[in-house]
Structures are given as C-alpha cells and as structure tokens.
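# Structural description and commentary
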Amino acid sequence: MKKIWTLLIMLMIFISISSLAIADEVEEDNDDEEEFGEENEGENETEDLDIDNKTVEEIKIMNNSLGAEIRLLQLQKAIVKNLLKGEMAVEVLKGLGYNTTTLEAILSEMKNLLEEVKAVNTSSNDSVQIFVEFKSQAKNLTKQFRETIKEILDGEKLREIRERIREMISEELENYSKMIRNKIKQFNRNQLYKLYGIIGEVNNSFVEKYLNGNVSLAQVKLQISKTINQMNKEKKYEIFSEIKKGNIKKKIHAQASMDDMKNKGKGKGNGKGK
Amino acid sequence: MNKKIISIFFLLIILLSITLIYNFYDKVGTDEKQYDSSIETIDENNVSEEIDDTFIEEDEEIEIGEMV
C-alpha cells in the first residue's frame, strides 16, 4: 500500500510539473511578444528623436516625380513665406534704428537656399534626400533668425512685429498656393484612377467634377468609401487589402529612404542644429 | 497489488494525456480566433483611414517654423 501511495504522489508531482512547464511556455511566448512590442516602441521613439514624423509622412509621396514636385514646391512656398516675413521684420527694425546686419545675412542664406530648392531635379533618385536636407537647412535658418531677433528686441516689440507680419498678403505666395493646389489635384486624380483600377469600375464624370472643383476631396473620399463598404465581405476585404498594401509600400519606401540617409550619415541633424 | 499499481499508473497517464491534448487544442483555438478577428475587424473606419492615406489634402503645408 505504501508503494502505491509513493507512486501516486510521484505521478501527481509529475503532472503538476508538466502543467507548470506548459503554462510557463505560453507565458514566455507572451513575454516575447510583449518584449518585441516594447522594442519596436523603443525603436519608434529613437526614430522620433532623429527624424521628425512629419518629414517621414511628407516623403511618403516622393516615390514619383509628381509627389517630389509637390513637396519641393511646398518647401519653396514655406521658404518664400519666411523670407517675406523676415524682410518685413528687417524693414521695421531698420526704421527703428537697429543694426540688422546679422539678420540680413541669414536672409541672404535663405535666398540662396531657395534658389537651390528651385533647381532640384524632381525626377532624380536623390530628390528625397535633397528635400530632407534642404528642409532641415530652412528650419535651422528660421531658428537662427528667430533667436537673433529675440536678442535685439523685447517681448512687446516682438509681438508688435508679429502682428504686422501676420497681415501680410503676397501675390507670390498666392501663385505658389495655386500651383501647389493644381499639382495636388493631379496627384489625387492619379490616386483616384488607381483606386478605381482596384475596385474595377471607373467614374470619369466624378473625376472631372473633382478636377473642376465641383466636388471636394472629402466628397471623393466619401464616395470611394461608400462604394467599397457596399460590396460583399470577400470583395471588400480584397480591395481593402490592396489599398493597404499600396499604403504600406509607400511607408516602407519612405522608411528605407530615411534609413539610407542615416547610413550615409546625412539624415542626422534633421530638425536640429546644423 | 501489482495490478492496482498498474491501474493507477495507466489512469494517471490518461489524465496527463488529456491535460496535454486539452492544452494543445486550446492554444490552437486561441490562435485561430485571433486570426479570424483580424479579418472581421474591417469596418467603415478602417476603409476610410486607408483611403485618407491614399490622397493628399489640398491645403497641406510644410512647416519650417516662425521667423518672429
């Protein structure tokens, strides 16, 4: 009888250990998944520190020349806007009798940068890298100007100048806005045709209406969403997967460009000091 | 005496097998459930998000900071 009990207890221990081993294995799997998630989160944080997310978003469309053209035009517009504001501020300061040599030197650098941005070949393979570099330079020059003017003027006078600049209207900026809007419309038209290609039906009159401004982009998006949502589950899933695949490809392309720049050591310093 | 030991031994072996099989199928079932739910969760918002990602807003601007 003693033997039976010993055997029974031994087997009970054996079963308990096996159950624990299985439970531990499952837990380890979960831990691994969690760790992997945390690692990825950590990586994203590091990415955020080196390259701002907005720039990564911006370069997502630069895998074709039209996308690159749009981003470079938008950068030109941003530089022109700051140049005009800077020139206005310098004029005001001159009127008040301040020395503006440093500020004018920064504006001169900004003008040179604008010319360089204008000269970029949008079909070039390096357009993404050039865009990131020039955007970074523009940000640095803006920061330099802002900090220099802060040293010259007190808070109240700065507020005064800020108010005057805010009311600024420029024909040059208006022209940029029109040009960019037209390019974006062309880009969105191409995207719309791509989506129609995935869905398997084309609505030419709707595209025309969008290009003529009779239908807004929000309405275009809504119409496409409705068309997809009305489909049966399988078809909806198929189309959704195709669209998602395209968007993921763009993200991978953007990330690859960023990684490439980092490897070359040129991506560093974006949004930071020179 | 020996017969009793063997019976208990087999009983416990069966118990152990049931525990292992249950654990295995339970895990497979959970994995399948997770996979199925990923397909089921495509709703109108998911579609809208992907469509939003496809287009560019017409008034979108690049920010390089303020001069003053």
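Residues numbered from 1 in each chain as written. Chains lettered and ligands numbered in written order. Predicted model: local features only at pLDDT ≥ 70, side-chain atom pairs only at ≥ 80, totals over all residues.

## Describing the overall build of chain B
When helices and strands are tallied, chain B shows two helices and zero strands. In chain B, which comprises 68 residues, the share counted as buried stands at 12%. (Helix = DSSP H or I, 4+ residues; strand = E, 2+ residues; numbered from the N terminus. Buried ≥ 20, exposed ≤ 12 C-beta atoms within 10 Å, placed from the backbone.)

## Structural notes on the overall build of chain A
Along chain A, the regular secondary structure elements total 10 helices and zero strands. Ordering the α and β elements of chain A from the N terminus gives α-α-α-α-α-α-α-α-α-α. Across the 274 residues in chain A, those meeting the buried criterion constitute 23%. Across chain A, every contact between residues at least 6 apart in sequence was considered, and the portion connecting residues at least 24 apart equals 77%. (Contact = placed C-beta atoms within 7 Å.)

## With respect to the domain arrangement of chain A
Interfaces are often sized by the amount of accessible area the parts lose when they come together. All names here are of chain A. Along its sequence, chain A is organised into domain 1 (65-168) and domain 2 (177-242). On the side of domain 2, six residues touch domain 1, which itself brings seven residues to the contact. When grouped by side-chain class, the residues that make up the side of domain 1 that touches domain 2 number three nonpolar, two polar and two charged. (Domains from an automatic or database assignment. Nonpolar A, V, L, I, M, F, W, Y, C, P; charged D, E, K, R; others polar.)

## Considerations on the nonpolar core
By size, the foremost hydrophobic cluster in this structure holds 37 residues, and its most contacted members are Leu 75, Ile 79, Phe 131 and Ala 138 of chain A. At the level of elements, helix 3 (65-95), helix 4 (101-118), helix 5 (127-152), helix 7 (171-199) and helix 10 (233-264) of chain A are the ones that each hand at least two residues to this core. One finds Tyr 210, Val 220 and Ile 224 of chain A together with Ile 51 of chain B within the second-largest nonpolar core, a separate group that totals 10 residues. (Core = buried A, V, L, I, M, F, W, Y, C linked by C-beta atoms within 7 Å.)

## Some remarks on the interface of chain A and chain B
Across the contact, 49 residues belong to chain A and 33 residues belong to chain B. Within the residue set of the side of chain A that touches chain B, elements represented by two or more residues are helix 1 (2-50), helix 3, helix 5, helix 6 (155-166), helix 7, helix 9 (217-229) and helix 10 of chain A. Of all the elements, helix 1 of chain A adds the most residues to the side of chain A that touches chain B, at 10 residues.

## Some points on the confidence of the model for chain B
The pLDDT averaged across chain B works out to 81; a share of 79% of its residues lies at or above 70. Here the prediction assigns the complex a pTM of 0.71, and the interface score ipTM is 0.71. (pLDDT = per-residue confidence, 0-100.)

## Some points on the environment of Val 80 of chain A
All names here are of chain A. Position of Val 80 relative to the elements: it lies in helix 3. For Val 80, a count of 19 C-beta atoms within 10 Å translates into the label partly exposed. The spatial distance from the C-alpha of Val 80 to the C-alpha of Lys 111 is 8.3 Å, given a sequence separation of 31 residues. Not counting the four nearest positions on each side in its chain, Val 80 is found in contact with Leu 114, Glu 172, Leu 173 and Tyr 176.

## A closer look at the environment of Arg 164 of chain A
Residues and elements named next belong to chain A. With respect to the element layout, Arg 164 can be found in helix 6. Separated by 99 residues in sequence, Arg 164 and Asn 263 place their C-alpha atoms 44 Å apart. Excluding anything up to four places from it in sequence, Arg 164 contacts Met 88 and Val 92.

## Looking at the packing of helix 7 of chain A against helix 8 (residues 204-212) of chain A
Residues and elements named next belong to chain A. The geometry of helix 7 relative to helix 8 is characterised by a closest axis approach of 10 Å and an angle of 165 degrees between their N-to-C directions. When the axis of helix 7 is compared with that of helix 8, the two are roughly antiparallel. Crossing angle aside, the handedness with which helix 7 passes helix 8 is right-handed. Mapping the contact onto sequence places Lys 185, Arg 189 and Leu 192 in helix 7 and Val 207, Tyr 210 and Leu 211 in helix 8. Tallied by class, residues from the contact of helix 7 with helix 8 come to four nonpolar, no polar and two charged. (Axes fitted to C-alpha atoms, helices over the stretch in contact; angles between N-to-C directions. Parallel < 35°, antiparallel > 145°, perpendicular 65-115°, else oblique. Left-handed = near helix turned anticlockwise from the far one by under 90°.)

## Brief notes about the environment of Lys 249 of chain A
Residue placement: Lys 249 of chain A occurs in helix 10. Taking the C-alpha atoms as reference, Lys 249 of chain A lies 64 Å from Thr 6 of chain A; in sequence the two are 243 residues apart.

## Quick notes on helix 10 of chain A
Given a rise of 1.5 Å per residue, 32 residues ought to cover 46 Å, and the 46 Å separating the end C-alpha atoms of helix 10 of chain A matches this to within 8%. Residues of helix 10 of chain A that are buried include every one of Ile 239, Ile 243, Ala 254, Ser 257, Met 258 and Met 261 of chain A, and no others. Packing partners of the buried residues in helix 10 of chain A comprise helix 2 (53-59), helix 5, helix 7 and helix 9 of chain A together with helix 2 (44-54) of chain B. (Expected span 1.5 Å × (residues − 1).)

## Brief notes about the packing of helix 7 of chain A against helix 9 of chain A
Residue and element names in this part refer to chain A. In the contact formed by helix 7 and helix 9, the axes pass within 12 Å of each other and the chain directions differ by 10 degrees. Between helix 7 and helix 9, the angle falls in the class roughly parallel. Only Leu 217, Val 220, Ile 224, Thr 227 and Ile 228 of helix 9 make contact with helix 7, whose side of the interface consists of Asn 188, Leu 192, Leu 195 and Ile 199. For the contact of helix 7 with helix 9, the class distribution of residues is seven nonpolar, two polar and no charged.

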